[in-house]
Amino acid sequence: MSRPAAPLKGRAARLARLMPSTGPSTAARTPFVLLVVLLLGGGLITLLLLNSALNEGSFRLSELKRDTTELTDEQQALQRDVDSRSQPDALERRARELGMVPGGSPAFLNPDGTVRGNPTEATAPPPSPSPTPSPSASASASPDPDASGSAAPSGSVSATEPDPATDPAAESSPPPTSPGR
């Protein structure tokens, strides 16, 4: 059998009066422990979701920075191209390639209808000598691979088309037409 507990003295007695030990105390702690565990678990899950959202935003930001860099490089390359083609000597060279010539002296019309200045006609400067291909080079570079070494004159009829002057069957047949014409 058990002996009765000895009465407490001093500090232990005062603590025992402040915290009575009546009834099961573990039942009162269970809701509090569950609340703390739920709060900690919810906080960790929220922190995980926030961290993954920040990482996704970081990846998107780095992708956008890379795209911006690529587009900036492309824009600068296009601007260099425009600048090089806008230079006066490049414009003049391209205009000459198109057959344009420098304009003459301009004339202006005043609001009252009078002409100011002496207009002159634009004249083409003498063409610059360009290297002409040799006849042997043009024969070897003929467009027809079946050519026998000499190019046919531009006014001649090829061997695959019948000559209407010498072929009587060609006169009776209508000329070939392309569809849609």
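Preceding this section is the structure that the text describes.
Residues numbered from 1 in each chain as written. Predicted model: local features only at pLDDT ≥ 70, side-chain atom pairs only at ≥ 80, totals over all residues. Heavy atoms only, no water.

S.K.: Now, about the overall build of the chain: what can you tell me, with residues and values included?
M.R.: Helices and strands together make up the secondary structure of the chain, namely five helices and two strands. Overall, the chain shows an N-to-C arrangement of helices and strands of α-α-α-β-β-α-α. With 181 residues in all, the chain has 2% of them scored as buried. When contacts within the chain are restricted to residue pairs at least 6 apart in sequence, long-range pairs at least 24 apart make up 6% of them. Carbon and sulfur atoms provide 62% of the accessible area of the chain, an area that totals close to 16,800 Å². (Helix = DSSP H or I, 4+ residues; strand = E, 2+ residues; numbered from the N terminus. Buried < 20%, exposed > 50% of the residue type's maximum accessible area, 1.4 Å probe, protein only. Contact = heavy atoms within 4.5 Å. Areas by Shrake-Rupley, 256 points an atom, 1.4 Å probe, with all protein chains shown as cover.)

S.K.: For the pattern of salt bridges, give the residues involved together with the corresponding values.
M.R.: Applying the stated rule across the entire model yields five salt bridges. Here D81 ties to R85 by a salt bridge, and the two come within 3.2 Å at their closest N and O atoms. Pair noted here: D81 and R85 are both in helix 2 (residues 26–86), with a separation of four residues, about one helical turn. In this structure D81 comes out as partly exposed when scored by relative accessible area, which is 36%. For R85, a relative accessible area of 48% puts it in the partly exposed group. Residue R96 pairs with E92 through a salt bridge whose shortest N-O separation is 3.1 Å. (Salt bridge = Lys/Arg side-chain N within 4 Å of Asp/Glu carboxyl O.)

S.K.: Could you give an account of a nonpolar patch on the surface, with specific residues and numbers?
M.R.: Together, F32, V33, V36, V37 and L40 line one region of the surface with nonpolar side chains, adding up to about 470 Å² of accessible area. Residue position: V33 is located in helix 2. For V33, a relative accessible area of 45% gives the class partly exposed. (Patch = residues over 30% accessible without salt bridge, like charges linked within 9 Å, V, L, I, M, F, W, Y side chains within 5 Å.)

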